[in-house]
Amino acid sequence: MEEIDRRIVMLLAVDGRMSFTDLAKETGLSVSAVHQRVRRLEKRGVIRGYAALVDHDAVGLPLTAFVSIKPIDPSAPDDAPEKLEHLTAIEACHSVAGDESYILKVRVQSPNALEHLLQQIRASANVSTRTTIVLSTPYEHRTPDLTTGAP
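Residues numbered from 1 in each chain as written. Predicted model: local features only at pLDDT ≥ 70, side-chain atom pairs only at ≥ 80, totals over all residues. Heavy atoms only, no water.

Quick notes on the pairing of strand β1 (residues 63–71)
Move 1: Both β1 and strand β3 (residues 102–108) contribute to a ladder of seven bridges, which runs antiparallel. Across the sheet, Phe66 pairs through a bridge with Lys105, a residue of β3. (Pairing = 2+ DSSP bridges. Helix = DSSP H or I, 4+ residues; strand = E, 2+ residues; numbered from the N terminus.)

Take a look at the structure:
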């Protein structure tokens, strides 16, 4: 990726609502050139979308937990993500190396809601679970470091 594209991606990662005019000022390009580059980055999948960052406490989802899952029957098909997709309290599902198969990031209203969700996860995907409750989050949604020149 070209250095100017890295700069555009970093600027949009910090402020996804930055105008093409402001991007042009920050990069030294014309507005139309910035617009073309952003569209190209979107088309290539470098920029996959734009989203609002939600205050989960303010919307009634103050409890965050990480739930590690592994199949009860190791010979069963690896289809846990599909079997759990309907559970909207699961914010993210990561395939991982190690003892567990996946780590789920979940957000719920209360310990009781977490207990209910864990029951749903176990029943839906036929998995065992190990849960870690988040006490606080010093930082999240950090801007990627694109200054290293990696491809």
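Examining the packing of aromatic side chains
Here a ring pair, both rings aromatic, is described through the centre-centre distance and the interplanar angle of the planes.
Move 1: This structure, assessed with the given rule, holds zero aromatic pairs.
Move 2: In this arrangement the basic side chain of Arg142 is found over the ring face of Tyr139, its NZ or CZ atom lying 4.2 Å from the centre. (Phe/Tyr/Trp six-rings, centres within 6.5 Å; stacked < 30°, edge-to-face > 60°. Lys NZ or Arg CZ within 6 Å of the ring centre and 35° of its normal.)

A few points about the packing of helix α1 (residues 3–14) against helix α3 (residues 31–44)
Move 1: The N-to-C vectors of α1 and α3 enclose an angle of 80°; their axes lie 11 Å apart at closest approach. For the element pair α1 / α3, the angle class is roughly perpendicular. For the pair α1 and α3, contact is made by Ile4, Asp5, Ile8, Val9 and Leu12 and by Arg37, Val38, Leu41 and Arg44, respectively.
Move 2: Residue composition of the contact of α1 with α3, by class: six nonpolar, no polar and three charged. (Axes fitted to C-alpha atoms, helices over the stretch in contact; angles between N-to-C directions. Parallel < 35°, antiparallel > 145°, perpendicular 65-115°, else oblique. Contact = heavy atoms within 4.5 Å. Nonpolar A, V, L, I, M, F, W, Y, C, P; charged D, E, K, R; others polar.)

Some thoughts on α3
Move 1: Taking 1.5 Å of rise per residue, the 14 residues of α3 would be expected to cover 20 Å, and the 20 Å separating its terminal C-alpha atoms lies within 8% of that figure.
Move 2: When α3 is considered as a whole, its buried residues turn out to be Val34, Arg37, Val38 and Leu41. Taken down its axis, α3 places every buried residue within 100° of arc, on the same side. Exposed and facing more than 90 degrees away from the buried side of α3 are Gln36 and Lys43.
Move 3: For α3, the secondary structure elements touched by its buried residues are α1 and α2 (20–27).
Move 4: Of the residues flanking the end of α3, it is Gly45, one or two places downstream, whose phi is positive at about 85°. (Expected span 1.5 Å × (residues − 1). Buried < 20%, exposed > 50% of the residue type's maximum accessible area, 1.4 Å probe, protein only. Arc of directions from axis to C-beta.)

Regarding the nonpolar core
Move 1: Ile69, Leu84, Leu104, Val106 and Ile121 are the most contacted members of the largest nonpolar core, which totals 19 residues.
Move 2: At the level of elements, β1, α4 (80–84), β3 and α5 (111–125) are the ones that each hand at least two residues to this core.
Move 3: At six residues, α5 tops the list of elements feeding residues into this core.
Move 4: If near-sequence neighbours (up to four positions away) are discounted, Ile121 is found in contact with Val67, Ile69, Leu84, Leu87, Ile90, Leu104, Asn126, Val127 and Thr129.
Move 5: Formed by 12 residues, the second largest nonpolar core is a distinct cluster that contains Leu11, Leu12, Ala24 and Val38. (Core = buried A, V, L, I, M, F, W, Y, C linked by side-chain atoms within 4.5 Å.)

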